[in-house]
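# Overview (structure and organization)
Given next are the chains, with one letter for each unit.
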Amino acid sequence: GQSLEQPSEVTAVEGAIVQINCTYQTSGFYGLSWYQQHDGGAPTFLSYNALDGLEETGRFSSFLSRSDSYGYLLLQELQMKDSASYFCAVQGIKAAGNKLTFGGGTRVLVKP
Amino acid sequence: ETGVTQTPRHLVMGMTNKKSLKCEQHLGHNAMYWYKQSAKKPLELMFVYNFKEQTENNSVPSRFSPECPNSSHLFLHLHTLQPEDSALYLCASSLLEGDLSYEQYFGPGTRLTVT
């Protein structure tokens, strides 16, 4: 099976940098995804790491280390609109159910 | 707008009622999903349809019954629900390439309250 752990909440000020860690246990996966969900909204896709290393998309970057069963999402130059919940998810291989399994989500609160 | 619509957005039903949730995707995707999102719990996958065939039933009680008449539409039929079924029900779709489909597009969800 698959399980993912991430912190429940992080608070930071505008302009700061926040790193959301995700540790996982999996019986086989293609890659690690990150989703953002604002209160009352739908989860939206942010990034995907199939290979180890850093993927950068504007102010957001995502990292994966398969050997450490660990990844993170880095939010830079925080803005008020970044206040949301962020979920990591593993895309399991066929033998592991071939589905996305989500972590519990990290609520990020950005303060002025 | 993600290209995935859900109706209704809010639903209140009694435990003896029968209702249906509807999802439609306009993205040309070939896989659709139902998720349940409860407070302080991870998103729980309920059902998966690949090419209109159900490929996953994640130990969901029979009071939830999915239907996928074509690759653009997905329904979740509800009957004799329990108060603990109150949650946000999210529909998603994706483009399945082989076994891989890592980017899912979610609808806005139906907020269900069972009284």
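To start, this report covers the structure provided alongside it. (Residues numbered from 1 in each chain as written. Chains lettered and ligands numbered in written order. Predicted model: local features only at pLDDT ≥ 70, side-chain atom pairs only at ≥ 80, totals over all residues. Heavy atoms only, no water.)

## A closer look at the environment of E84 of chain B
- Within the secondary structure, E84 of chain B is located in the loop between β8 (73-79) and β9 (87-94).
- Placed 29 residues apart in sequence, E84 of chain B and T113 of chain B show a C-alpha to C-alpha distance of 9.0 Å. (Helix = DSSP H or I, 4+ residues; strand = E, 2+ residues; numbered from the N terminus.)

## Overview of the state of the cysteines
- In total, this model carries two disulfides over all chains according to the counting rule given.
- Between the sulfur atoms of C22 of chain A and its disulfide partner C88 of chain A the distance amounts to 2.1 Å. Taking the sign of the S-S torsion, 75 degrees for the link of C22 of chain A and C88 of chain A, the bridge is right-handed. Here the residue C22 of chain A occupies a position in strand β3 (residues 18-25), and C88 of chain A occupies one in strand β9 (residues 84-92), the gap between them amounting to 66 residues.
- Exposure remark for C88 of chain A: the relative accessible area of 0% places this residue in the buried category.
- Note that C23 of chain B is cross-linked by a disulfide to C91 of chain B, the S-S spacing being 1.9 Å. In this structure, the disulfide formed by C23 of chain B and C91 of chain B twists by about -70 degrees around the S-S bond and is classed as left-handed. With C23 of chain B in strand β3 (residues 18-25) and C91 of chain B in strand β9, this pair connects stretches of sequence that are 68 residues apart. (Disulfide = S-S within 2.5 Å. Buried < 20%, exposed > 50% of the residue type's maximum accessible area, 1.4 Å probe, protein only.)

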